[in-house]
Amino acid sequence: MESKLHGHAHKYGKNVDTDVIIPGKYCNIIDPVELGKHALEGLDPQYTARMKPGDIVVADTNFGCGSSREVAPIALKGSGTAAVVAKSFARIFYRNALNIGLPIFESAAAVDGIESGDEIEIEAAAGIIRNVTKGTNFRAAEFPPFMQSLIAAGGLVPYVERRLAERSPA
Amino acid sequence: MGMTLTEKILARHAGLDHVEPGQIINAKVDLVLANELSAAVAIKVMRQIRGADRVFDASKIALVADHFVPAKDAQSASIAKLMKDFAGEQEIEHFFDVGRGGIEHVVLPEEGLVAPGELIVGGDSHTCTYGAFGAFATGMGSTDIAAAFVLGEVWLKVPASIKLVYSGTPGTMVYAKDVMLRTVGELGIDGATYRAMEYHGSTVDELPITGRITMANMAIECGAKNGIFHADEKTIAYVRERTNRDFIVEKADPDAAYERTIAIDVGQLEPQVACPHTPDNVHPISEVVRDDLRVDQVFIGSCTNGYIDDLRVVAGILQGKTIAPNLRVIVNPGSQKVWMQAADEGILSTLAAAGCAVNTPGCGACFGGHMGTLGDGERAISTTNRNYVGRMGSPKAEIYLASPATCAASALSGKITDPRTVEHLEWTPTRERAGSRGTTVSLIESN
Ligand code: SF4
């Protein structure tokens, strides 16, 4: 995870589901950049036109509910979205985002304290979310220890490689 | 302290005597599933894992091409080919291409790949369907599936369980779908996030396997990690007909700890409808019909309601009748086997005669992939499980979710209709129909 993220906020409501993050008809696309052209299309068709790489999606509760499609966080990442800050995440999206390296942060206070267009700075490792426009700071919920070790290992792929190495009688 | 059904299965697969909610475990998997959407990325990720040339056990992997088949375009065809080539290279025998399988969640139980007490992960959120058979089953994304392909194990956080206790006998034209829609309405789409839903009570004991499938399938619509039923004689008979594999039937301990217990009496339940644009926006049919809602499309199928029992209900309502003018009715039997059974029973020709388009088994219109996508301003009533904006195509379309009976009744009038107000005959494959098939065959032979 990059240590410092910096961009403008695009704020949405509750239950942003995977069907609007990346509609089903695009799910046969594999290339992240191509997928990224359709990120959030079902909710906000102007998102990709308005956003700049580095921008941050801010949303209410249950972000990413619905299907298990990993192309949902991949599309967001592919669009250049640097992170998602939400009050809570749906279970599969949470796993997928961490697995593919899309930074996500859980903080109800931050979501309430950010408006669309605000300039945001995030210190990823420390989980500190700064609203530069309003001059306020928030702290994201800590990842559980196991998730921290996964993130520290660099995601699930290195973790699997380590497990495999442990098993083979080298 | 005792354990819930989910905790028991997870503990055994983690090689532990006891697990508790919140605990992170490494659990062995009995089956790993992927469809085109998840397999394409999972295979790519697996190729990036150093030291991972082979899957952990080719007999414990199932690949199903169901979302974009028959291939809707060149890109989809390439993904199906990627799966086929991967299956060949890894000697995975459970690869189901179009014409051999159907919707993953319909196919796997049919093929005897799901049994009580097993732990199944799939690259599809409706993997939770297999909870109908007393298995722990949950959906994951492609990277997790790639890891499971290679390791044969997954890391999981043990979920707390919610106990749902159903009582009462559903009235006429009230089905498992209505019971489940009500449940989603009560809990909300994040009401069971990170939780297991454990279904209990006399109502679900009485349900046929297909009814339990419908209910387990929609556990994810409450955000749940899994939904699970206790296996009983019906479950065991179903599974035994399809596999000789040993399995262990687990039971929740009498002193298991549940986070919440919710009692639902279905005795007075009306048919239910989930209105746009979330599956928890559920209302009784009597309220919905007041709005006199015309529909452009009726869709019958999916892993929720694409089973033979569902098609029999629809055929019982549509036989000898014609669907409303200016309406499309699209039927996707859930699997090749369901399709053949429906053909043998005369259901497919009955539905076609009524004006329905009968598709080859697959997901098709359910997720707006192809074969029945909705246009701007259109309204559909569907037996599927999700009605989010854009789910079936245009973000300017409206989707109502209901039982096969409610959808069939609506097909007759072209409006969302209470199935209790239409004539319904018990579907019986007639002697005459079987005879006419015989005649056709002998005519061909004598030519
Ligand atoms: S039928 Fe629909 S819900 Fe079921 S697996 Fe296919 S797309 Fe998903």
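Residues numbered from 1 in each chain as written. Chains lettered and ligands numbered in written order. Predicted model: local features only at pLDDT ≥ 70, side-chain atom pairs only at ≥ 80, totals over all residues. Heavy atoms only, no water.

Now for the overall build of chain B. Looking only at helices and strands, one finds 16 helices and 18 strands in chain B. Radius of gyration (C-alpha) of chain B: 21 Å, near the 22 Å computed for a compact globule of 447 residues. For chain B, the C-alpha atoms occupy an extent of roughly 60 × 55 × 45 Å along the three principal directions. When burial is assessed residue by residue, chain B has 62% of its 447 residues classed as buried. For chain B, restricting intrachain contacts to residue pairs at least 6 apart in sequence, the fraction spanning at least 24 positions comes to 76%. For chain B, the exposed area adds up to about 15900 Å²; of that, 49% sits on carbon and sulfur atoms. Averaged over its 40 positive side-chain charges, chain B has a centre that lies 3 Å from the centre of its 55 negative ones. (Helix = DSSP H or I, 4+ residues; strand = E, 2+ residues; numbered from the N terminus. Rg over C-alpha atoms; globule rule 2.2 N^0.38 Å. Buried < 20%, exposed > 50% of the residue type's maximum accessible area, 1.4 Å probe, protein only. Contact = heavy atoms within 4.5 Å. Areas by Shrake-Rupley, 256 points an atom, 1.4 Å probe, with all protein chains shown as cover. Lys, Arg positive; Asp, Glu negative; His and termini not counted. Charge placed at Lys NZ, Arg CZ, Asp CG, Glu CD.)

Attention now goes to the overall build of chain A. What chain A contains, in helices and strands, is eight helices and seven strands. Against the 2.2 N^0.38 benchmark of 15 Å for 170 residues, chain A shows a C-alpha radius of gyration of 16 Å, consistent with a compact globule. Expressed as a percentage of its 170 residues, the buried residues of chain A come to 58%. A sequence separation of at least 24 residues applies to 64% of the contacts in chain A between residues at least 6 apart. Summed over its atoms, the accessible surface of chain A is roughly 6800 Å², and 54% of this surface lies on carbon and sulfur atoms.

We now examine the interface of chain B and chain A. Listed by partner, the interface residues are 48 residues for chain B and 40 residues for chain A. For the pair chain B and chain A, the summed buried surface comes to about 3800 Å²; carbon and sulfur atoms form 56% of the total. It is Leu151(B), Trp155(B) and Tyr194(B) that lose the most area in chain B upon contact with chain A, and together they represent 18% of the buried surface on that side. At the boundary of chain B and chain A, one finds five salt bridges. (Buried area = accessible area lost by both parts, 1.4 Å probe. Salt bridge = Lys/Arg side-chain N within 4 Å of Asp/Glu carboxyl O.)

Another point: the site of the ligand. All names here are of chain B. Near the ligand there are 13 residues, and of these His 126, Cys 303, Cys 363, Cys 366 and Asn 385 occur at the shortest range. Breaking the shell around the ligand down by element, the ones donating at least two residues are helix H4 (104-110) and helix H11 (302-305). In the shell around the ligand, the residues fall into five nonpolar, five polar and three charged. In this structure, the shell around the ligand is formed jointly by two domains, domain 1 (5-264) and domain 2 (274-433), each of which donates at least three residues. (Near = heavy atom within 4 Å. Nonpolar A, V, L, I, M, F, W, Y, C, P; charged D, E, K, R; others polar. Domains from an automatic or database assignment.)

The next subject is the domain arrangement of chain B. Residue and element names in this part refer to chain B. You can read the domains of chain B as domain 1 (5-264) and domain 2 (274-433). Centre-to-centre separation of domain 1 and domain 2, based on C-alpha positions: 25 Å. In this assembly, 39 residues from domain 1 lie in contact with 40 residues from domain 2. Interface of domain 1 and domain 2: buried area, both sides summed, is about 3100 Å²; carbon and sulfur atoms make up 63% of it. Of all residues in domain 1, Ile 103, Met 173 and Lys 177 bury the most surface against domain 2, accounting for 20% of the area lost on that side. Connecting domain 1 to domain 2 are two salt bridges. For Glu 111, the salt bridge goes to Lys 337, with nearest N and O atoms at 3.1 Å. On the surface where domain 1 and domain 2 come into contact, there are 19 residue pairs in polar contact (both at pLDDT 80 or more). (Polar contact = N/O pair within 3.5 Å; in protein donor to acceptor, adjacent residues only side chain to side chain.)

This part covers the sheet that holds strand E2 (residues 31-35) of chain B. Residues and elements named next belong to chain B. One open sheet holds the five strands; their spatial order is E4-E3-E2-E5-E6, and the pairing between them is parallel. Each edge of the sheet is formed by a strand with only one pairing partner; in this case those strands are strand E4 (94-96) and strand E6 (136-139). Here the strands of the sheet are splayed against their neighbours by 15° on average, with no regard to which way each runs. The strands that helix H5 (residues 142-151) touches are E2, strand E3 (61-64) and strand E5 (119-122); relative to E2, the one it contacts most, it runs at about 140°. (Pairing = 2+ DSSP bridges. Axes fitted to C-alpha atoms, helices over the stretch in contact; angles between N-to-C directions.)

Residue and element names in this part refer to chain A. Side chains of strand E3 (residues 83-86) alternate between two faces, with Ala 83 and Val 85 and Val 84 and Ala 86 buried alike. One ladder, built from three bridges, connects E3 with strand E4 (residues 104-106); its direction is parallel. Within the sheet, the bridge partner assigned to Ala 86 lies in E4 and is Glu 106.

With that out of the way, let us pick up helix H6 (residues 176-187) of chain B. All names here are of chain B. With twelve residues, H6 extends 16 Å between its outermost C-alpha atoms, agreeing within 8% with the 16 Å of an ideal straight helix rising 1.5 Å per residue. Most of H6 is tucked away, with ten of its twelve residues classed as buried. Every buried residue of H6 is accounted for by Ala 176, Lys 177, Asp 178, Val 179, Met 180, Leu 181, Arg 182, Thr 183, Val 184 and Leu 187. At the exit of H6 stands Gly 188, carrying a positive phi of roughly 90°. (Expected span 1.5 Å × (residues − 1).)

Glancing now at the sheet that holds strand E11 (residues 260-265) of chain B. Residue and element names in this part refer to chain B. Here we have four strands laid out as an open sheet, ordered E10-E9-E8-E11, and parallel in their pairing. The open sheet has two edge strands with one neighbour each: strand E10 (226-229) and E11. When the angles between neighbouring strand axes are averaged without regard to direction, this sheet yields 25°. Here four bridges tie strand E9 (residues 195-200) to E10, and the two strands are oriented parallel to one another.

Look at the link from Val69(B) to Pro70(B): it is a cis peptide, with omega at -15°. Structurally, Pro70(B) can be placed in the loop between E3 and helix H3 (74-90). A cis amide bond links Pro276(B) to the next residue, His277(B), at an omega of 0°. With respect to the secondary-structure elements, His277(B) resides in the loop between strand E12 (272-274) and strand E13 (282-284). Phi at Asn62(A) takes a positive value of approximately 60°, unusual for a residue other than glycine.

This part takes up helix H5 (residues 91-100) of chain A. Residue and element names in this part refer to chain A. Within H5, ten of the ten residues are buried, leaving the element largely enclosed by the surrounding structure. Among the residues of H5, those classed as buried are Arg 91, Ile 92, Phe 93, Tyr 94, Arg 95, Asn 96, Ala 97, Leu 98, Asn 99 and Ile 100. Downstream of H5 by a residue or two, Gly 101 has a phi angle that is positive, lying close to 85°.

Now for the packing of helix H8 (residues 156-167) of chain A against H5(B). In contact at an axis separation of 10 Å, H8(A) and H5(B) are set at 10° when each is read in the N-to-C sense. Here H5(B) runs roughly parallel to H8(A), going by the angle between their axes. Counted together, Leu156(A), Val160(A), Arg163(A), Leu164(A) and Arg167(A) of H8(A) and Thr143(B), Asp144(B), Ala147(B), Val150(B) and Leu151(B) of H5(B) form the full contact between these two elements. The class makeup of the residues in the contact of H8(A) with H5(B) is six nonpolar, one polar and three charged. (Parallel < 35°, antiparallel > 145°, perpendicular 65-115°, else oblique.)

Moving on, we get to the pattern of salt bridges. Within the structure shown, the criterion is met by 36 salt bridges over all chains. Between Lys134(A) and Glu115(A) there is a salt bridge, with its nearest N and O atoms 2.9 Å apart. One end of the pair, Lys134(A), is in the loop between strand E6 (128-131) and strand E7 (136-139); the other, Glu115(A), is in the loop between helix H6 (108-112) and strand E5 (119-123), and 19 residues separate them in sequence. For Glu115(A), a relative accessible area of 47% puts it in the partly exposed group. One salt bridge connects Glu378(B) with Arg328(B), and the closest N-O pair in it is separated by 2.9 Å. Separated by 50 residues along the polypeptide, Glu378(B) in the loop between strand E16 (357-358) and strand E17 (379-382) and Arg328(B) in strand E15 (residues 328-331) bring together distant segments of the chain.

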